[in-house]
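Commentary on secondary and tertiary structure
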Amino acid sequence: MSVTALQLVATIRSWAKCVNEKKWDDLPKYMHSTYNQNGFDYTPKTWAEHIREHVAPQIGGDVRINEDSIMVDETAQCVAFSLWLKFKPEVPLFGYQPKGRDVLLIEHGFIWFVDGKLSKGLFLINNDDMRKQLANPSTEFAPSLISEYPVPRVESPLSREQLEKVYRAYVEIFNSRRTETDYAKYVHQPERMLNNKALARRVMDDALAAIPDLHVQIHTLIADEKLQRVAVWLKFTGTPIKEYAGLVADGRAVQFTEHATYQFVDGKIQRIWGVMDLDEARQQQQPSAMPQVVPVI
């Protein structure tokens, strides 16, 4: 049974409210009888236990989930989200001892629903941003939040189908290495477009310089006609030929995930909010498991 977009959003918000209020026993009523998150299977009961026993101890007592962005594909019964929260770690994280200072965590992902209840989730946390805060607790950390960016006025909005078509064509020029000639066809003010707070073209060029055979595949895509935004879950594969973001050139291919939201203006991309899970690739080059932060919801 499909439910409306408003009902899907209401369920996400109610679920987050349960976590904020620590009503762990209420969580199962929002869950489908089977729930898979990042490849791990849970029942409603075991999911509530996971939150109470593994997530809550990491993020401490005083925490509140805040909504940054929600986009809905009612046909697919899928939601793309971005959430943020501040918390004071009470246990060691990434090898850093608690210092009594707030850490800002931003979580991105997609959730699928069956009969109006959560049935599958893909979640991503920017662990590198958390490490910076834990290593230098006196340094102010100011993330790039989607909610702080007003939806721009658009003279010629694209339909949902057109947004998806243009985005897929943009990915194709990357995979076929036609960015030198075709980048400006898909990007509004190419020399100024930002990916979070960095120049988007520089982010792309740095990645390709280190991983020349980098290839991207679109796993999931949601296009929002009203906001003129596209949210995607991407899978990258490639072989580093030099050091890049903690990856080494050892001759082996790696793969990693990115969650990104794209703002379109008059048919072209104006801004990107992208987060790569580079720990996923680093793990593939390590002999033992790297410490991870458990997703909050």
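This text gives an overview of the structure that appears in the document.

Rules of the game
Residues numbered from 1 in each chain as written. Predicted model: local features only at pLDDT ≥ 70, side-chain atom pairs only at ≥ 80, totals over all residues. Heavy atoms only, no water. Helix = DSSP H or I, 4+ residues; strand = E, 2+ residues; numbered from the N terminus. Rg over C-alpha atoms; globule rule 2.2 N^0.38 Å. Buried < 20%, exposed > 50% of the residue type's maximum accessible area, 1.4 Å probe, protein only. Contact = heavy atoms within 4.5 Å. Areas by Shrake-Rupley, 256 points an atom, 1.4 Å probe, with all protein chains shown as cover. Polar contact = N/O pair within 3.5 Å; in protein donor to acceptor, adjacent residues only side chain to side chain. Phe/Tyr/Trp six-rings, centres within 6.5 Å; stacked < 30°, edge-to-face > 60°. Lys NZ or Arg CZ within 6 Å of the ring centre and 35° of its normal.

**Topic: the overall build of the protein chain**
In terms of regular secondary structure, the protein chain is built from seven helices and twelve strands. Taken over C-alpha atoms, the radius of gyration comes to 19 Å for the protein chain, in line with the 19 Å a tight globule of 297 residues would show. The principal-axis extent of the C-alpha atoms belonging to the protein chain is close to 55 × 45 × 35 Å. In the protein chain, which comprises 297 residues, the share counted as buried stands at 51%. Within the protein chain, counting contacts between residues at least 6 apart in sequence, those at least 24 apart form 64% of the total. When the accessible surface of the protein chain is summed, it comes to about 14300 Å², and 51% of that surface belongs to carbon and sulfur atoms.

**Observations regarding the environment of Glu243**
Within the element layout of this structure, Glu243 appears in the loop between strand S10 (229-238) and strand S11 (254-265). Between the alpha carbons of Glu243 and Ala210 there is a distance of 6.7 Å; along the sequence they are 33 residues apart. Within the structure, the side chain of Glu243 is placed 3.5 Å from the backbone nitrogen of Ala245, a separation counted as a polar contact. Engagement of the side chain of Glu243 in a polar contact is seen with the backbone nitrogen of Gly246, the distance being 2.8 Å.

**Some words on the packing of aromatic side chains**
What the rule picks out here adds up to eleven aromatic pairs. Ring centres 5.4 Å apart and planes at 70° place the aromatic pair Tyr149 and Trp273 in the edge-to-face group. One end of the pair, Tyr149, is in the loop between helix H3 (127-135) and helix H4 (160-175); the other, Trp273, is in strand S12 (residues 268-277), with 124 residues separating them in the sequence. Each ring, one from Tyr170 and one from Tyr262, has its centre 6.1 Å from the other, and the planes form 70°; the classification is edge-to-face. Here the residue Tyr170 occupies a position in helix H4, and Tyr262 occupies one in strand S11, the gap between them amounting to 92 residues. Each member of the pair, Tyr170 together with Tyr262, is buried. Members of the aromatic cluster, joined through ring pairs, are Tyr35, Tyr42 and Trp47. Looking at Arg131, its charged tip hangs above the ring of Phe94, at a distance of 4.4 Å from the centre.

**Considerations on H3**
Helical geometry note: an α-helix holds 3.6 residues per turn, so side chains three or four residues apart project in the same direction. Within the sequence span of H3, burial applies to Asn127, Asp129, Met130, Arg131, Gln133 and Leu134. Against strand S4 (78-87), strand S5 (103-114), strand S6 (117-125) and helix H7 (278-284) lie the buried residues of H3. You can read the cap of H3 off the contacts: a side-chain oxygen lies 3.2 Å from the backbone nitrogen of Asp128, and it is on Asn126.

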